[in-house]
Amino acid sequence: MLKDITIGQFFPGNSFIHKMDPRMKLVAVLLYIIMLFVASHPLSLIVGVALLAVMYAVSKIPAAMVLKSLKPVIPIIIFTSVLNVFFISGEPLFSWWLIEITKEGITMAVLMSVRIVCLIAGSSLLTYTTSPIELTDALERLMKPLNKIKVPVHELSMMMTIALRFIPTLIEETDKIISAQKARGADMETGGLMQRAKALIPILIPLFVSSFRRADELAMAMECRCYRGGEGRTRMKQLHLSPRDFVALIVVIAAFGGIIAMNMLLRP
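Residues numbered from 1 in each chain as written. Predicted model: local features only at pLDDT ≥ 70, side-chain atom pairs only at ≥ 80, totals over all residues. Heavy atoms only, no water.

So, the pattern of salt bridges
In step 1: In total, this model carries three salt bridges according to the counting rule given.
In step 2: A salt bridge links R23 to D21; the nearest nitrogen and oxygen atoms lie 2.9 Å apart. The exposure classification of R23 matches that of D21, with both residues buried.
In step 3: E172 serves as the salt-bridge partner of K176, at 3.7 Å between the closest nitrogen and oxygen. One end of the pair is K176 and the other is E172, both in helix α7 (residues 153-183) and four residues apart, which spans about a single turn. (Salt bridge = Lys/Arg side-chain N within 4 Å of Asp/Glu carboxyl O. Buried < 20%, exposed > 50% of the residue type's maximum accessible area, 1.4 Å probe, protein only. Helix = DSSP H or I, 4+ residues; strand = E, 2+ residues; numbered from the N terminus.)

Focus: the packing of helix α1 (residues 22-38) against helix α6 (residues 132-142)
In step 1: Contact geometry of α1 with α6 gives a least axis separation of 8 Å together with a crossing angle of 70°. Taken together, the axes of α1 and α6 lie roughly perpendicular to each other. Residues P22, R23, L26 and V27 of α1 pack against E134, L135, A138, L139, R141 and L142 of α6.
In step 2: Here the contact of α1 with α6 is built from residues that sort into seven nonpolar, no polar and three charged. (Axes fitted to C-alpha atoms, helices over the stretch in contact; angles between N-to-C directions. Parallel < 35°, antiparallel > 145°, perpendicular 65-115°, else oblique. Contact = heavy atoms within 4.5 Å. Nonpolar A, V, L, I, M, F, W, Y, C, P; charged D, E, K, R; others polar.)

Quick word on α7
In step 1: Between the first and last C-alpha of α7 there are 45 Å, a value that for 31 residues agrees with the 45 Å anticipated at 1.5 Å per step.
In step 2: Along α7, the largest kink reaches about 35° and is centred on I167; proline P168 follows within four residues of it.
In step 3: Of the residues one or two after α7, G185 is the one with positive phi, at around 95°. (Expected span 1.5 Å × (residues − 1). Bend = angle between axes of the 7 residues up to and from the residue.)

Focus on the side chain of S44
In step 1: Looking at the element boundaries, S44 is found in helix α2 (residues 42-59).
In step 2: Judged by relative accessible area, which is 0%, S44 ranks as buried.
In step 3: At 2.7 Å, the side chain of S44 and the backbone oxygen of H41 are in polar contact.
In step 4: Within the structure, S44 has its side chain in polar contact with the side chain of N263 (distance 3.0 Å). (Polar contact = N/O pair within 3.5 Å; in protein donor to acceptor, adjacent residues only side chain to side chain.)

Comments concerning helix α3 (residues 63-70)
In step 1: Turning to α3, its buried residues number three or more, namely V66, S69 and L70. With its buried residues spanning 100° around the axis, α3 presents them on a single face. Seen from the open side of α3, the exposed residues pointing more than 90 degrees away from its buried face are A64 and L67.
In step 2: Where α3 is buried, its residues meet α2, α4 (74-87) and α5 (103-129). (Arc of directions from axis to C-beta.)

Focus on empty space enclosed by the protein
In step 1: Tallied over the full model, the rule gives two cavities of 30 Å³ or more.
In step 2: Space inside the largest cavity adds up to approximately 240 Å³.
In step 3: Surrounding the largest cavity, 15 residues form its lining, K25, A28, V29, M55 and L125 being those nearest its centre.
In step 4: At the level of secondary structure, the elements contributing two or more residues to the lining of the largest cavity comprise α1, α2, α5 and α10 (243-265).
In step 5: Here the lining of the largest cavity is built from residues that sort into 12 nonpolar, two polar and one charged. (1 Å grid on protein atoms, 1.4 Å probe; cavity = no way out; pocket = protein on both sides within 12 Å on 5 of 7 lines; lining within 4 Å. Points joined across faces, edges and corners; volume = space filled by probe spheres on them.)

What to know about the side chain of S113
In step 1: Along the chain, the position of S113 falls in helix α5.
In step 2: On the accessibility criterion, S113 (16% relative accessible area) is buried.
In step 3: When residues no more than four places from it in sequence are discounted, the contact partners of S113 are I77 and S81.

As structure tokens, then:
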């Protein structure tokens, strides 16, 4: 299961989306997330699903990789769907004792499940096609106006990107620790809730020690390279908007407008 988590990984490529300006990709992803929750009808949500499918096809990220990355969120999707099915009131389709399943509950369960899948897949597309350095520069540029109110924009951007970058590393480290503990005879899959919780202690302690050691090594490496924050810092690669960035933004805005129009037309 841990090996299926691909959040924070970057897959180099030469596609249209890989070449886009990272600032425009961040803006497009934010608009897409808002679009998913604005879509209030199954037909309007299909527009968001179709747009995501086209973006993955253009980026040439394998569909198997996307499906693999969605495995860890399946329990969340199931839990959310069950809550919506049994706790949304409306036209009853099935009723027995305290259990009542409504048409509105099933509709909302489908909508929320699709939203969560598209939310995870759409956010993952950003990290799949954007390197950590580009992501840091994009975040810093977009949040630059906050410098006027003394917000440490560069430091925040750096911390967010480093945290995102080290997610795959920590997942790999956790998998190694679990394999080592199982080789020593540790039982982590049987027993009650308390026994399983206690079995996590031999995993969490080495993981924390390893994380602090990596953080200390990273801080030492940055100091050796005379890192002093964003003041006076230059960049080897400058960010420049190109026609492809505006084309992508126009497509996302058009899809957003289409969803709003469909919501108004399909409103009961």
